[in-house]
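An overview of the molecular structure
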Amino acid sequence: MHLVRLILLLVLPSCISVFPSVVASSSGQLGPKNTIYDGLLAYLFENETTPYKANAMPICELGKKLKIQQDMLLIQLFDLDEPTQMLTVDVWVESTWKDCRLTWDPKRFNNIDNFVIKAEEIWYPDLIFYESLHGNFEEGMFIYGESKARIFSDGSIQLGAQAVFKSFCRINIAQFPYDRQRCNITFSSWTKDTSNFLLVKKEEAPGKKEDHAFVSASNGEWMVEGFPSFDRVADRKVGLDEASGRSRQYSEVAFQLRLKRKYMFQQVYMLFPCMLLTWLTLFVFIMPTECGEKIAYVTTILLSLMVFLLMVSDNIPRSGDAVPVLGIYFCIAIALVSLANIKTIISYNISLKGKDFCMPACFIKILESGKYVGLPLTHHNEAAVKVISFAMKPRQAGQNPVTRHEDSEVPLSTTNPESHFGQDENKWRFLGIILDRVFLIIYFVLNLAVSIWILTRGD
């Protein structure tokens, strides 16, 4: 029995060494398999003679410059906040260049023409955008390391990422709410100047103008009119160069977002109510003096306009650089209604002058000019004495102005001295009517001109 055990101890190890695959399969364990990319990755990144270094720029010839083509696509416009002048957009950003170290013959590697790899495994440009409003430096930098890069057999690399940018955009509110805004997003390298690095916009296909914005990129407040790109070389002083007065040239690519405001909201909820109040003020010059409510009517409109302006003030952008046209219209509207209030007081005061006030001769000439404002007078010749009369309701001495009377033709100038006081009283009333008509015409012309001016600003 002991002999059998000894023989088994000697034979089993040799059987296991002879049949390893059988033992492994019986235990359920399989050996590692190679992918079709392993040989290519080993050739590109694990070459013992020339290992790949991700921190070295891909410049293989002395005196050459690395050319980066920059592109950006606007996916969605989120917001443009006027008080903080902050633009928030959702974009797809892409950079394209050639790495002379990452080339291969596809025939040698399973006809693989391209593959995808993490951006942190290769060299990529340290791009930032100047207008960044992100909370810290790392968020403000254009971090490609968290994205994927596609590498082609000729060394071309496409590196793209989707990001939400918060950038500064200087707002010009001079034409609010009919304004157009221009917001720039400028990319450049943080450390590399034009001596060995060149950043340019992506080349467009021949005969085709690329559109860098989706049709659906507009939001409810702004309409995207365009998103063109421009490349330029600019001088920049940074670090010790700024202290020494020297500057270096850096290549930049700027994308300009062109926006047009959709002003329907401002017209419906801000402009039209204010315009309605100004036109309602016109009726104060038509109301009869005897009603006694002319001043109260126009004062109520003025107070309503003030309260309305306080409610809509939060929707008007705040800026000390310029006054928006809508704000100018509101100021003019307040001035017109205030002027109408003053005119009403003047005509009201003249219309209610009693018999104790005699009309000067110069005012009588104004009465004769009433025909020019649609108030003609009738003339009678009696015994070679000129009599001027008009149809209105006479008011007796000591009578309440609101009391109604029968219409009668009362002479404004007569040879009967006993009716002199009542005639002077009616003269003042008629002069007030003429002033109301003159003020009506003046206010109508001014308000019409201002209304046409503000409505045509949107063309």
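About the thresholds
Residues numbered from 1 in each chain as written. Predicted model: local features only at pLDDT ≥ 70, side-chain atom pairs only at ≥ 80, totals over all residues. Heavy atoms only, no water. UniProt positions renumbered as here; feature names shortened; annotations may be inferred. Phe/Tyr/Trp six-rings, centres within 6.5 Å; stacked < 30°, edge-to-face > 60°. Helix = DSSP H or I, 4+ residues; strand = E, 2+ residues; numbered from the N terminus. Buried < 20%, exposed > 50% of the residue type's maximum accessible area, 1.4 Å probe, protein only. Lys NZ or Arg CZ within 6 Å of the ring centre and 35° of its normal. Pairing = 2+ DSSP bridges. Axes fitted to C-alpha atoms, helices over the stretch in contact; angles between N-to-C directions. Disulfide = S-S within 2.5 Å.

You'll find the chain entered in an unreviewed UniProt entry as Neur_chan_LBD domain-containing protein, with Macrostomum lignano given as the organism. For the record of the chain, the UniProt heading Sequence similarities (unreviewed entry) holds the text "Belongs to the ligand-gated ion channel (TC 1.A.9) family." Recorded under Subcellular location (unreviewed entry), the UniProt text for the chain is reproduced unchanged: "Membrane".

What follows covers the packing of aromatic side chains. Any aromatic ring pair is given by two values, namely how distant the centres are and how the planes are angled relative to each other. Applying the stated criterion to the full structure yields 16 aromatic pairs. Ring centres 5.9 Å apart and planes at 85° place the aromatic pair tryptophan 97 and tryptophan 123 in the edge-to-face group. Separated by 26 residues along the polypeptide, tryptophan 97 in strand E2 (residues 86-98) and tryptophan 123 in the loop between strand E3 (114-118) and strand E4 (127-129) bring together distant segments of the chain. A ring pair is formed by phenylalanine 265 and tyrosine 269, whose centres lie 5.0 Å apart and whose planes are at 40°; its orientation type is tilted. You can see phenylalanine 265 and its partner tyrosine 269 sitting in helix H6 (residues 264-280), four residues apart, about one turn around the helix. Taking the relative accessible area as the measure of exposure, phenylalanine 265 reaches 43% and is therefore partly exposed. Aromatic rings pair up to connect Phe129, Phe165, Phe187, Phe227 and Phe255 into one cluster. The aromatic ring of tyrosine 43 is capped on one face by arginine 108, whose charged end is 5.5 Å from the ring centroid.

In this section: the sheet that holds strand E8 (residues 197-201). Taken in spatial order, the six strands of this open sheet run E3-E5-E6-E2-E1-E8, and their pairing is mixed. Whereas interior strands pair on both sides, the edge strands pair on one side only; in this sheet they are E3 and E8. Adjacent strand axes in the sheet meet at a mean angle of 30°, parallel and antiparallel pairs treated alike. Relative to strand E6 (residues 156-168), strand E5 (residues 148-152) is paired through three bridges, and the arrangement is antiparallel. Residue pairing across strands places arginine 150 opposite glutamine 158, the latter belonging to E6.

In total, this model carries two disulfides according to the counting rule given. Here cysteine 60 engages in a disulfide with cysteine 100; their sulfurs sit 1.6 Å apart. One disulfide, between cysteine 60 and cysteine 100, carries an S-S torsion of 75° and so falls in the right-handed class. Of this pair, cysteine 60 sits in the loop between helix H3 (38-45) and strand E1 (66-81) while cysteine 100 sits in the loop between E2 and E3; the two residues are 40 residues apart in sequence, bridging distant segments of the chain. Classification of cysteine 60 by relative accessible area gives exposed; the value is 52%. Between the sulfur atoms of cysteine 169 and its disulfide mate cysteine 183 the distance is 2.0 Å. The S-S bond linking cysteine 169 to cysteine 183 shows a torsion near -75°; that makes this disulfide left-handed. Here the residue cysteine 169 occupies a position in the loop between E6 and strand E7 (180-189), and cysteine 183 occupies one in strand E7, the gap between them amounting to 14 residues. Both residues of the pair, cysteine 169 and cysteine 183, count as buried. Taken in N- to C-terminal order, the disulfide-linked cysteines of the chain are connected 1-2, 3-4.

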